[in-house]
Every structure is written in C-alpha cells, then in structure tokens.
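As a plain string of letters, each chain reads:
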Amino acid sequence: MKKSQTVGLSFLAFILLTVAGVVNAFGITFFLVPVRLFDSGISGTSMLLSQVTGLPLSLFLLVLNIPLFLYGLKKQGKVFTVYAIYAVTVYSVAAFCFQNFLPCDLSVSSPFASNDVFLCAIFGGLISGLGSGFAIRNGGAMDGIEVMAVIFAKRLNLTVGTFVMIYNIVLYVICGIVTGSWILSLYSIVAYAAALKTVDFIIEGIDRSKAASIITTRPEEVCSALSKTFECGITTMAARGFYSNQEKTFVYVIVNRYQISRLRSIVHEKDPQAYISITEVADIFHGTK
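Predicted, not measured: the structure shown is a model, and the values here were computed from it.

A. Summary view of the overall build of the protein. For the protein, the count of helices and strands is eleven helices and four strands. Relative to the 2.2 N^0.38 estimate, which gives 19 Å for 289 residues, the radius of gyration of the protein is 24 Å and therefore markedly larger than a compact globule would have. Taken along its principal axes, the extent of the C-alpha atoms in the protein is 70 × 55 × 40 Å. The buried share among the 289 residues of the protein stands at 39%. The long-range share in the protein, meaning contacts at least 24 apart out of those at least 6 apart in sequence, stands at 71%. Approximately 16200 Å² of the protein is accessible, and the part contributed by carbon and sulfur atoms is 63%. Separation between the mean location of the 21 positive side-chain charges and that of the 16 negative ones in the protein comes to 9 Å.

B. Summary view of helix H1 (residues 11-32). Relative to the 32 Å expected for 22 residues at 1.5 Å per residue, H1 spans 31 Å between its end C-alpha atoms, a close match to the ideal helical length. Packed against the buried residues of H1 are helix H2 (41-53), helix H3 (57-71), helix H5 (78-100), helix H6 (117-137) and helix H9 (182-204). Among the residues of H1, the N-terminal cap falls to Ser10, whose side-chain oxygen and the backbone nitrogen of Leu12 are separated by 3.3 Å.

C. Looking closely at the pairing of strand S1 (residues 209-216). With six of eight residues buried, S1 lies mostly within the body of the structure. Inspection of the sheet shows S1 paired to strand S4 (residues 275-281) by seven bridges, in the antiparallel sense. In the sheet register, Lys210 faces S4, and the bridge partner there is Glu280. Of the strand pairs in this sheet, S1 and strand S3 (residues 247-255) are connected by seven bridges, and their pairing is antiparallel. Residue pairing across strands places Ala212 opposite Val253, the latter belonging to S3.

D. Spatial organisation of the pattern of salt bridges. The tally for this structure, following the rule as stated, stands at two salt bridges. Between Arg240 and Glu247 there is a salt bridge, and its shortest N-O distance comes to 2.3 Å. Overall, Arg240 belongs to the partly exposed group, its relative accessible area being 48%. In this structure Glu247 comes out as partly exposed when scored by relative accessible area, which is 49%.

E. Quick look at the side chain of Lys210. In this fold, Lys210 is placed in strand S1. The class for Lys210 is buried, based on a relative accessible area of 17%. Side chain to side chain, Lys210 and Glu280 meet in a polar contact 3.2 Å long. Contact partners of Lys210, with chain neighbours within four places excluded, come to Val253, Ile254, Val255, Asn256, Arg257, Ile260, Ile278, Thr279, Glu280 and Val281.

F. Geometry of a positive patch on the surface. Residues Lys74, Lys75, Lys154 and Arg155 make up a contiguous surface patch of positive charge. By secondary structure assignment, the location of Lys75 is in helix H4 (residues 73-76). For Lys75, a relative accessible area of 61% gives the class exposed.

G. Looking closely at the confidence of the model for the protein. The predicted model of the protein has a mean per-residue pLDDT of 89, with 94% of residues at 70 or higher. Here H4 stands out as the least confident element of the protein, with mean pLDDT 80; H1 is the most confident, with 96. Every residue in residues 1-6 scores below 50 in pLDDT, and together they form one contact with partners more than four places removed in sequence or on other chains.

H. Region of the structure containing the packing of H2 against H3. Where H2 meets H3, the closest approach of the two axes is 8 Å, and the angle between their N-to-C directions is 140°. By the criterion of interaxial angle, the relationship of H2 to H3 is oblique. Here H2 runs over H3; the crossing is right-handed. Contact residues: Ile42, Ser43, Thr45, Ser46, Met47, Leu49, Ser50 and Thr53 in H2; Leu57, Phe60, Leu61, Leu64, Asn65 and Leu68 in H3. Tallied by class, the residues present in the contact of H2 with H3 amount to eight nonpolar, six polar and no charged.

Criteria and cut-off values
- Residues numbered from 1 in each chain as written.
- Predicted model: local features only at pLDDT ≥ 70, side-chain atom pairs only at ≥ 80, totals over all residues.
- Heavy atoms only, no water.
- Helix = DSSP H or I, 4+ residues; strand = E, 2+ residues; numbered from the N terminus.
- Rg over C-alpha atoms; globule rule 2.2 N^0.38 Å.
- Buried < 20%, exposed > 50% of the residue type's maximum accessible area, 1.4 Å probe, protein only.
- Contact = heavy atoms within 4.5 Å.
- Areas by Shrake-Rupley, 256 points an atom, 1.4 Å probe, with all protein chains shown as cover.
- Lys, Arg positive; Asp, Glu negative; His and termini not counted.
- Charge placed at Lys NZ, Arg CZ, Asp CG, Glu CD.
- Expected span 1.5 Å × (residues − 1).
- Polar contact = N/O pair within 3.5 Å; in protein donor to acceptor, adjacent residues only side chain to side chain.
- Pairing = 2+ DSSP bridges.
- Salt bridge = Lys/Arg side-chain N within 4 Å of Asp/Glu carboxyl O.
- Patch = residues over 30% accessible without salt bridge, like charges linked within 9 Å, V, L, I, M, F, W, Y side chains within 5 Å.
- pLDDT = per-residue confidence, 0-100.
- Axes fitted to C-alpha atoms, helices over the stretch in contact; angles between N-to-C directions.
- Parallel < 35°, antiparallel > 145°, perpendicular 65-115°, else oblique.
- Left-handed = near helix turned anticlockwise from the far one by under 90°.
- Nonpolar A, V, L, I, M, F, W, Y, C, P; charged D, E, K, R; others polar.

Have a look at this one:
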C-alpha cells in the first residue's frame, strides 16, 4: 500500500501559515508599498516588477515564487513545498485584498506612518519579518530566494548566505537605477535589516538558553551541586586531557542566561581548576518518554 504524499502535514500548521501570510502581506502593503520601498529576495523583485509594469504585486509573488518551490521539491521535500506554496498563496491573496478592497488608498501613503519613509522601513521590515519568521518556524517559507540559493549557490561555489546577500545587493542596485532614487534603495536596506533581525528572533528566540560545557576532575561534586541548585538534567561523558593525559569528565548542562553567573560560582567552588565554556542554544527538543 502506498504511503500518502500528505503524511506529515498538519492542520494547525496551515492555520499558523495563514496567519503568517496575512501578517507578511500587512507589513508589505501597509508600510513598504505606499512609499515605494522594496522587500528583499523574490518578494522585493516582485515589488519592483509591479512598479515597472503596473501589474498586481500578487501576480508576481505567485509567478516567481511557486516555480522555485516546485523546482526545489526534490531537495526540500514535499511537506515543505506544500507549506511554502500555501504560505505564498495566502501572502499573495492577502496582499491583493488589502490593496483592492480596503477603504484607504495604499498606493498613496501608509495609513499608520503617512509618508515617513524611515518609519515605514522600520515597521514594514519588522512586521514582514514577523510573518516570514513565523512561516519558517512552522515548516514553510514566504520567499523562494533561499530555495533558489540552495539550487544555484553550489554551482557558483558560494554559500547559501553569500548567494542571498549578493542577490539582494544586486536587487537594490537595480531598484536604485530603475526608480532613479538611491534614497529609496538605502531605506529598503534598513527595512531588510529590520526584517532579518525579526526573523532571527522568531526562529531562534529572543531569550535563548545557554549550554554550559564543563571539563572537571570532580564530576560527582560538581553535578550534585548543579542538579540540586537548578533542578535540571545533566549529561556526563568520559574525557582525557591531551597534555596531562589525565582522566576527566565532560559535563553538559542547559541553563538560562540569569543562571550563568551562579553556575560559574558553583563549579569553581567545587573544582577551582574546572574549564567552562558557554554557548547559545536556539531551540531545545526532547522526547516525551
């Protein structure tokens, strides 16, 4: 019996992606489009083409994004592709509805920030970044640029991040040339930076946990003190010092940022020679059994 191609799809995910698409469309149409600023990636390209041709933004969002998602189907998987196409479709439909069925004219000025380009750049970036980050967080995507990067970056001997950055730089240069206004292109970069930071916050968390890696010769004392103080799980592994050739123990524990100072004090109280390194943790997943 064949497995269903929709295995892994979640009704809740579709609801959340609907919210993400509407939020993204709100940020773009209420803040960026009225003052002729540009989003990044394929979305920004769609906005430029819409300005040049006079055709609806929603049309270019679908025509440019969906083929990229379908082309990347093999690499990204069916579930991601379905979610991404759905999110972009919602984004496109919401943008069309906002621009055509509201009592205010969004082609003239922002209903919230008027013609203040800086405010529109900041809030347009923040809100569209919120929508994009929420889409990624729930297994989809709002823009085909990263799929495009995965497909073409390796052929050009570039990293995905470098490809996206180069694409956006070229896009903003073209926007400046076509519109004859470098000020709008520069403000578009401000919007892009705000969106990028917001996406990072949504995906990785504003207050990320900390992972402490401890190398100690007194594991029992250190682990007992940490477990009693923080009531958290602790993992230990056998280790050996390279130069000293001494048996040691590697201790791994997750705490929040407010507990770092206390952790350091406890560890060095129990083992003054202990080595501690702290790294940020974006997400923590654990089994239920």
